[in-house]
Amino acid sequence: MGLHGRIVRQLGARLPSALLRPLAGPAAVFFHGVELNVFDPDLQSNHHQIQDFYEIALALKLEFDVAPLSALPDVLASPRRHRRTVFLMSDDGYANTLSVVAPMLDSLGLPWTLFISTEHIDSGLRNPIFLARLFARYAPDGRYPLRCFRDPLVLAGSRRYATREFLKRFRPLGLDEARETVQEMVAVLNKHGLSELLMRYQSDSFLNWDDVRALAQRGVTIGAHAHCHWPMHEQENPYNLRQQALRARQRIESEIWPCRHFAYPFGNTADVCARAWQAVRDAGYEYAFTTLSGSLDRSTNPWLLPRYGLGPSEPNLASTVSLLRLGNARLARWQRYLN
Ligand SMILES: [Zn+2]
């Protein structure tokens with residue numbers, strides 16, 4: 001979660017929701033997966049504990065009008081008429097969205113949207129950042145001369161520190177270099193029990209296309225989360241940016257039905273460049289979501305809409321969502337910068 005999201009949550013914990021209600025605007029909120037048992041929060045950082053998520057879902061049902069994404073044009077056109085409207089979204093396409101999330105949200109009657117990274121649905125290959133965390137944690141002590149880094153990666157001692165430092169170097173890579181690095185990491189881990197590790201962390205396995213179709217048939221809106229789960233940042237080349245947007249839409253449309261919505265992987269200021277949102281627009285999407293906090297209104301660029309990342313637990317969700325509008329000035333500055 002970004003700094004702004006954390007500030008809004010802390011303020012929300014201090015202020016009563018009734019007081020904030022007049023401030024509220026419509027908003028989009030998102031999560032990733034939900035697990036029966038998150039036994040390793042460092043590696044399973046994308047997943048909510050089931051009980052915590054149930055409480056969030058219940059608060060959404062009781063405090064807000066949770067709407068399907070088809071209502072978005074109407075909400076953007078007249079946000080004041082939709083102060084309590086929330087759009088609920090899940091990113092990436094984890095297998096537990098079918099086994100755990102769908103039954104829960106169905107039982108509460110909450111509509112939601114799933115943004116999938118289509119290459120992972122095609123191949124089953126895990127998220128590159130998850131693989132990097134797995135590598136930094138479980139590769140044996142040693143020096144790893146990865147081709148895309150000037151200095152070898154040294155793994156010894158505190159793996160928590162090593163993971164943080166490694167991710168700082170890994171995430172700015174372009175997609176081609178990231179893929180190459182993933183291959184190198186997988187080659188090392190293959191000799192050190194990768195298949196057992198993937199079994200242990202089933203939480204991070206992806207849906208396949210039959211699963212996605214099953215969700216679509218239950219009424220879940222399917223959107224695109226790029227082809228590969230990788231940032232669409234300034235370091236990326238124009239061809240890859242176009243392909244990330246276009247390929248995801250083509251895959252969803254050939255497997256399911258027309259796809260009009262996009263969410264940027266990671267989606268914060270360092271992860272989305274001007275060429276990225278233009279590529280998303282040019283690929284034919286009508287709306288795209290970032291992960292900057294804010295409320296939805298007609299002044300925003302439709303390909304750079306705000307979205308709030310739900311924390312592991314949200315005891316003051318009604319206040320927090322009412323305060324999201326505080327992020328709008330920063331969002332507007334960023335949109336101007338990317339224009
Ligand atoms: Zn994601």
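See above for the structure.
Here is a short report on the structure shown in this document. The residue numbers shown here count from 1 along each chain, following its written sequence. Per-residue local features of the predicted model are confined to residues with pLDDT of at least 70, and side-chain atom pairs are confined, for both listing and counting, to 80 or more; whole-chain, interface and lining totals are unaffected and use all residues. Based on all heavy atoms of the structure, the side-chain values leave hydrogens and waters out of the count.

1. Some remarks on the overall build of the protein
Right, so step 1: Scanning the protein from N- to C-terminus turns up 15 helices and 12 strands.
Right, so step 2: Its C-alpha atoms give the protein a radius of gyration of 20 Å, near enough to 20 Å, the size a compact globule of 339 residues would have.
Right, so step 3: Taken over the C-alpha atoms alone, the protein extends approximately 60 × 40 × 40 Å along its principal axes.
Right, so step 4: Among the 339 residues that make up the protein, the fraction classed as buried is 55%.
Right, so step 5: For this analysis, residues touch if any pair of their heavy atoms sits within 4.5 Å. At a minimum sequence separation of 6, the contacts of the protein that also span at least 24 residues come to 74%.
Right, so step 6: Where accessible areas are quoted, they stem from the Shrake-Rupley method and a 1.4 Å probe; at the residue level, only the protein chains shown are allowed to cover. Of the roughly 14,600 Å² of accessible surface on the protein, 52% is carried by carbon and sulfur atoms.
Right, so step 7: Counted as positive: Lys and Arg. Counted as negative: Asp and Glu. His and the chain ends are not counted at all. Note on charges: their place is set at NZ of Lys, CZ of Arg, CG of Asp or CD of Glu. The average position of the 39 basic charges and that of the 33 acidic charges among the side chains of the protein differ by 6 Å. Secondary structure elements are defined from DSSP: runs of H or I of at least 4 residues count as helices, runs of E of at least 2 residues count as strands, and each element is numbered from the N terminus. Only the C-alpha atoms count toward the radius of gyration. The rule for a globule is 2.2 Å times the residue count to the power 0.38. Each residue is placed in one exposure class: buried if its accessible area under a 1.4 Å probe, protein chains only, is under 20% of its type's maximum, exposed if it is over 50%, and partly exposed if it falls in between.

2. Some remarks on the nonpolar core
Right, so step 1: In plain words, nonpolar cores are sets of buried Ala, Val, Leu, Ile, Met, Phe, Trp, Tyr and Cys residues tied together by side-chain atoms within 4.5 Å. If you look at the biggest cluster of nonpolar residues, it comprises 67 residues, and the most contacted ones within it are Leu88, Leu105, Trp112, Phe262, Tyr264, Val280 and Tyr285.
Right, so step 2: Here the element with the most residues in this core is helix α5 (residues 96-108); it accounts for 6 residues.
Right, so step 3: The next biggest cluster of nonpolar side chains, apart from the first, holds 31 residues, and it includes Leu43, Phe130, Phe149 and Met185.

3. A closer look at the packing of helix α7 (residues 128-138) against helix α8 (residues 159-170)
Right, so step 1: Axis angles are defined between N-to-C directions and span 0 to 180 degrees, where every axis is a line fitted to C-alpha atoms and, for a helix, only to the segment in contact. Running from amino to carboxyl end, α7 crosses α8 at an angle of 145°, the nearest separation of the two axes being 9 Å. Relative to α8, the crossing made by α7 is right-handed. Residue-level contacts link Pro128, Ile129, Ala132, Arg133, Phe135, Ala136, Arg137 and Tyr138 of α7 to Arg159, Thr163, Phe166, Leu167 and Phe170 of α8.
Right, so step 2: Residue classes follow a fixed rule: Ala, Val, Leu, Ile, Met, Phe, Trp, Tyr, Cys and Pro count as nonpolar, while Asp, Glu, Lys and Arg count as charged, and any other residue, Gly among them, counts as polar. Residues of the contact of α7 with α8, tallied by class, amount to 9 nonpolar, 1 polar and 3 charged. Each crossing is labelled by how the near helix is turned from the far one, with a counterclockwise turn of less than a right angle marking it left-handed and a clockwise turn marking it right-handed.

4. Considering the packing of aromatic side chains
Right, so step 1: Aromatic pairing here means that ring centres of Phe, Tyr or Trp (its six-membered ring) are within 6.5 Å. Orientation follows from the plane angle: under 30 degrees is stacked, over 60 is edge-to-face, and everything else is tilted. Here the structure, examined in full by the defined rule, presents 14 aromatic pairs.
Right, so step 2: Here the aromatic rings of tyrosine 94 and phenylalanine 206 are separated by 5.1 Å at their centres, their planes lie at 15°, and the arrangement is stacked. On the criterion of sequence distance, the pair formed by tyrosine 94 in the loop between β5 (85-92) and α5 and phenylalanine 206 in the loop between α10 (194-200) and α11 (209-217) is long-range, its members being 112 residues apart.
Right, so step 3: With relative accessibility at 10%, the residue phenylalanine 206 sits in the buried group.
Right, so step 4: Considering the side-chain rings of phenylalanine 135 and tyrosine 144, the 5.2 Å spacing of their centres and the 70° angle between planes classify their relative orientation as edge-to-face.
Right, so step 5: On the basis of relative accessibility, which here comes to 12%, the residue tyrosine 144 falls in the buried class.
Right, so step 6: Aromatic rings pair up to connect Phe135, Tyr144, Phe149, Phe166, Phe170 and Trp230 into one cluster.
Right, so step 7: Either the NZ atom of lysine or the CZ atom of arginine qualifies as a charge over a ring when it sits within 6 Å of the ring centre and within 35 degrees of the ring normal. In this structure, arginine 307 packs its charged tip against the face of phenylalanine 30, placed 4.1 Å from the ring centre.

5. Comments concerning the coordination of the zinc ion
Right, so step 1: Donor criterion used throughout: N, O or S atom within 2.8 Å of the metal, extended to 3.2 Å for Na, K and Ca. Water excluded; incomplete-looking sites may result. For the zinc ion, the protein coordination sphere consists of Asp92 (OD), His225 (NE2) and His229 (NE2), at 2.1 to 2.2 Å.
Right, so step 2: Within one chain, the residues serving as donors to the zinc ion are arranged as D-x132-H-x3-H. Histidine 229 shares its class with histidine 225; the two are buried.

6. Brief notes about helix α1 (residues 3-14)
Right, so step 1: The end-to-end C-alpha distance of α1, which contains 12 residues, comes to 17 Å, matching closely the 16 Å that a straight helix rising 1.5 Å per residue would cover.
Right, so step 2: Of the surrounding elements, those touching the buried residues of α1 are β12 (308-309) and α14 (317-322). Take the number of residues in a helix, subtract one, and multiply by 1.5 Å to get its expected span.

7. With respect to the side chain of histidine 227
Right, so step 1: Its place among the elements puts histidine 227 in the loop between β9 (221-224) and α12 (238-255).
Right, so step 2: Apart from the residues within four sequence positions on either side, histidine 227 is in contact with Ser117, Thr118, Glu119, His120, Asp122, Gln243, Gln244, Arg247, Ala248 and Arg251.

8. Remarks on the pairing of strand β6 (residues 113-116)
Right, so step 1: Residues Thr113 and Phe115 line one face of β6 and the alternating positions Leu114 and Ile116 line the opposite face, and both faces are buried.
Right, so step 2: Considered for its hand, the β-α-β crossover made up of β5, α5 and β6 is right-handed.
Right, so step 3: Pairing analysis gives 4 bridges linking β6 to β9, with the strands arranged parallel. Within β9, the residue paired with leucine 114 across the bridge is isoleucine 222. For a crossover, the right-handed case is the one in which the path from the first strand over the helix to the second runs clockwise, viewed with the strands pointing away from the viewer. Strands pair, by our definition, only if DSSP identifies at least two bridges between them.

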